[in-house]
Amino acid sequence: MAEASNTTVTLQVHRFTPRPERAERARGGSPFAKKGSPFGGGSDSAARRRPRGKQWVQEYTIPARPSDTVLDCLLTIKRTVDPTLAFRYSCGHGMCGSDAVAINGTPTLLCTATIRDWAKQPGAMPEVDDEGFRHTGTEAEESDDSAENVANAAADQNSAANGSLGVIELASLPGFPPQRDLIADIDPMLNQIRKLTPYLQADGVLATTAEGKVDVFEYLQNPEQLAKYELLSNCIACGVCEGACPVYAGGDAFIGPAALIWASRFVNDSRDTKAMERMDAIDTADGVAACQSVRACSRHCPRGIDVGEEMWQIVAKVRER
Ligand code: SF4
Ligand code: FES
């Protein structure tokens, strides 16, 4: 942040410090925890991913402007308040996909989320009951003069008076095991994408010149062919769609929307010769069959991909082949 600000923002960060791994017990133990058991024991099992360690919520109030991003605020905290706070980022411009987290419960990128868009006044935050559930409002409460709107207007006025821009709640990306603080382990997603061979498999026939030399050649494509997959090729594997998907939740029962977007990207590429094999690979119980068309995956894709619609298209293609 370049210049001093006379407004502040409060970040409520769900922190996590993993417990050091203990050496495996030499004997005994449950047969259900053994490797090869359908109930667990594999390297990617849900049991292994269950977070074990210290969890707590920490509040930081720092100077900030409405145009600052949440990433700017975390960097300020890291440099001036608490160097132990862990989060991941790289490009800072929505290009690398390394900083996906849950902001106010919604999966999105730290570097593109501004304080203006995400800070809420404490009075305006959805209330949770003793068991942590948020209750939906009634129609009466949604009217302009509802108690909620009056409370929000009062909270806004209070904010203007005390210089607070509001509160933002941060947690690691849902659906993935937390590694530390805001860093989630996204290897399950990357492994699912890798399994579907996310690279061009063309026929590999090299043209030769009249003299028998290998010709330098291009895979030609017209604009219509390019348009079929160009948007899909912008996927940065950030995991935002997976974090929003209620079926993905760790990837045991569903390979996830990101892997299907990568499969679809090559199925729709006229240069690729393995479309049938690619569709066979996703025509499985944990592939296209597991998608329930909830379409939560479409809401916050930072690359503007309508993930739910693309999933629908690839499901139709797989069924028609
Ligand atoms: S489809 Fe969008 S939200 Fe999903 S991983 Fe790719 S860029 Fe991220
Ligand atoms: S830091 Fe690269 S996308 Fe946010």
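Here the structure is a predicted model, which is why all the values come from computation and not from measurement. Counting of residues starts from 1 at the beginning of each chain's written sequence and follows it residue by residue. For naming, the first written chain is A and the first written ligand is 1, with later ones following in the order written. With pLDDT at 70 or above as the cut-off, local features in this predicted model cover only qualifying residues; side-chain atom pairs require 80 or more to be listed or tallied, and sums for whole chains, interfaces and linings still use all residues. Note that water and hydrogens are dropped before the side-chain values are worked out from all heavy atoms of the structure.

## What about the overall build of the protein?
Here is step 1: Numbering of helices and strands runs from the N terminus, with a helix taken as a DSSP run of H or I at least four residues long and a strand as a DSSP run of E at least two residues long. Looking only at helices and strands, one finds 11 helices and 7 strands in the protein.
Here is step 2: Each residue's exposure class comes from its accessible area (1.4 Å probe, protein chains only) as a fraction of the maximum for that residue type: buried when under 20%, exposed when over 50%, partly exposed otherwise. Buried positions account for 38% of the 321 residues belonging to the protein.
Here is step 3: Throughout, the Shrake-Rupley method with a 1.4 Å probe supplies accessible areas, and for residues the shown protein chains are the sole cover considered. Carbon and sulfur atoms make up 51% of the accessible area of the protein, which amounts to about 18,700 Å² in all.

## Observations concerning the site of ligand 1
Here is step 1: The criterion for a residue being near a molecule or strand is simple. One of its heavy atoms has to lie within 4 Å of it. Around ligand 1 sit Cys235, Ile236, Ala237, Cys238, Gly239, Val240, Cys241, Ala258, Cys301, Pro302, Arg303 and Val307, and those are all the residues in its vicinity.
Here is step 2: Classification used: nonpolar for Ala, Val, Leu, Ile, Met, Phe, Trp, Tyr, Cys and Pro, charged for Asp, Glu, Lys and Arg, polar for all others including Gly. Its residues assigned to classes, the shell around ligand 1 comprises 10 nonpolar, 1 polar and 1 charged.

## Quick notes on unusual backbone geometry
Here is step 1: At Asn104, a residue that is not glycine, the phi angle is positive and equals roughly 50°.
Here is step 2: Checked against the element boundaries, Asn104 lands in the loop between strand S3 (100-103) and strand S4 (106-109).
Here is step 3: For Ser293, which is not glycine, the phi torsion reads 55° and is therefore positive.
Here is step 4: Its place among the elements puts Ser293 in the loop between helix H10 (275-282) and helix H11 (307-320).
Here is step 5: The class of Ser293 is partly exposed, set by a relative accessible area of 37%.

## Remarks on the environment of Arg299
Here is step 1: The topology assignment puts Arg299 in the loop between H10 and H11.
Here is step 2: Here the alpha-carbon distance between Arg299 and Pro107, two residues 192 residues apart in the chain, equals 9.4 Å.

## Some details on the sheet that holds strand S2 (residues 53-63)
Here is step 1: When DSSP finds at least two bridges between two strands, those strands are taken to pair. Pairing is mixed across the open sheet formed by 5 strands, whose spatial order is S2-S1-S5-S3-S4. At either margin of the open sheet sits one strand with a lone partner, and together these are S2 and S4. On average, each strand axis in the sheet is inclined to that of its neighbour by 35°, with strand direction left out of account.
Here is step 2: Pairing of S3 with strand S5 (residues 164-172) involves 3 bridges; the strand directions are antiparallel. Counterpart to Ile103 in the pairing with S5 is Leu170. For helices, the fitted line uses only the C-alpha atoms of the stretch in contact; every axis is such a line through C-alpha atoms, and the angle between N-to-C directions lies from 0 to 180 degrees.

## Observations regarding the pairing of S5
Here is step 1: Burial runs high along S5: 7 of the 9 residues are buried.
Here is step 2: With 5 bridges connecting them, strand S1 (residues 8-18) and S5 associate as parallel partners. When the bridges of S5 are listed, Leu11 appears paired with Ile168.

## Concerning the pattern of salt bridges
Here is step 1: Each salt bridge in this description consists of a side-chain nitrogen of Lys or Arg and a carboxyl oxygen of Asp or Glu lying within 4 Å of one another. Under the defined criterion, the tally for this structure stands at 9 salt bridges.
Here is step 2: Arg265 serves as the salt-bridge partner of Asp269, at 3.0 Å between the closest nitrogen and oxygen.
Here is step 3: With a relative accessible area of 2%, Asp269 lands in the buried category.
Here is step 4: Among the ionic pairs, Arg278 bridges to Asp272, the shortest N-O distance being 2.9 Å. The same class applies to Arg278 and to Asp272, which are both buried.

## A few points about the packing of helix H6 (residues 187-195) against helix H9 (residues 257-267)
Here is step 1: At their nearest, the axes of H6 and H9 sit 9 Å apart, and the two run at 25° to each other. Of the possible angle classes, the one that applies to H6 and H9 is roughly parallel. Handedness of the crossing formed by H6 with H9: right-handed. On the side of H6, the interface is formed by Met189, Gln192 and Ile193, while H9 contributes Ala258, Ala259 and Trp262.
Here is step 2: Classifying every residue of the contact of H6 with H9 gives 5 nonpolar, 1 polar and no charged. An angle below 35 degrees is treated as roughly parallel, one above 145 as roughly antiparallel, one from 65 to 115 as roughly perpendicular, and anything else as oblique. Helix crossings are classified by the rotation of the near helix relative to the far one: an anticlockwise turn of less than a right angle makes the crossing left-handed, while a clockwise turn makes it right-handed. Contacts were defined at the residue level, with two residues in contact if any of their heavy atoms lie within 4.5 Å.

## Some words on the packing of aromatic side chains
Here is step 1: Stacked, edge-to-face and tilted labels apply to pairs of Phe, Tyr and Trp rings (six-membered ring for Trp) whose centres lie within 6.5 Å, assigned for plane angles under 30 degrees, over 60, and everything in between, in that order. Counted according to the given criterion, the structure contains 2 aromatic pairs.
Here is step 2: Between Phe176 and Tyr248, the ring centres sit 5.4 Å apart and the planes meet at 45°, which makes this aromatic pair tilted. Within this pair, whereas Phe176 is found in the loop between S5 and strand S6 (178-180), its partner Tyr248 is found in the loop between helix H8 (240-244) and H9, the two being separated by 72 residues in sequence. Like Phe176, the residue Tyr248 is buried in the burial classification.
Here is step 3: The criterion is that NZ of a Lys, or CZ of an Arg, lies within 6 Å of the ring centre and within 35 degrees of the ring normal, and then a charge sits over that ring. Just above the ring of Trp56 sits the side chain of Lys54; from NZ or CZ to the centre is 4.5 Å.
Here is step 4: The ring of Phe266 has Arg265 lying over it, and the distance from NZ or CZ to the ring centre is 4.1 Å.

## Section: the confidence of the model for the protein
Here is step 1: In this model, the protein carries an average pLDDT of 84, and 74% of its residues clear a pLDDT of 70 or more.
Here is step 2: Confidence scores per residue from the predictor, reported as pLDDT, run from 0 to 100. Ignoring residues within four places in sequence, the model shows residues 35-43, a span with pLDDT below 50, making 12 contacts including any to other chains.
Here is step 3: This stretch, residues 138-142, has a pLDDT under 50; its non-local contacts, to residues over four places away or in other chains, come to 5 contacts.

## Observations regarding the state of the cysteines
In protein chemistry, a disulfide is the covalent bond that joins the sulfur atoms of two cysteines.
Here is step 1: Here, a disulfide means two cysteine sulfur atoms that sit within 2.5 Å of each other. One pass over the full model with this rule turns up 0 disulfides.
Here is step 2: With no disulfide of its own, Cys291 lies 6.6 Å from the sulfur of Cys297, the closest cysteine sulfur.

## Comments concerning the nonpolar core
Here is step 1: Membership of the largest hydrophobic core comes to 63 residues, with the highest contact counts inside it found for Ile168 and Leu170.
Here is step 2: Where each domain begins and ends follows an automated or database-derived domain assignment. Among the domains, domain 1 (8-172) and domain 2 (186-320) are the pair contributing at least three residues each to this core.
Here is step 3: Other than its neighbours up to four places away in sequence, Leu170 contacts Leu11, Gln12, Val13, His14, Val70, Leu74, Val101, Ala102, Ile103, Leu110 and Leu182. Put simply, a nonpolar core is a bunch of buried Ala, Val, Leu, Ile, Met, Phe, Trp, Tyr and Cys residues held in one set by side-chain atoms that sit within 4.5 Å of each other.

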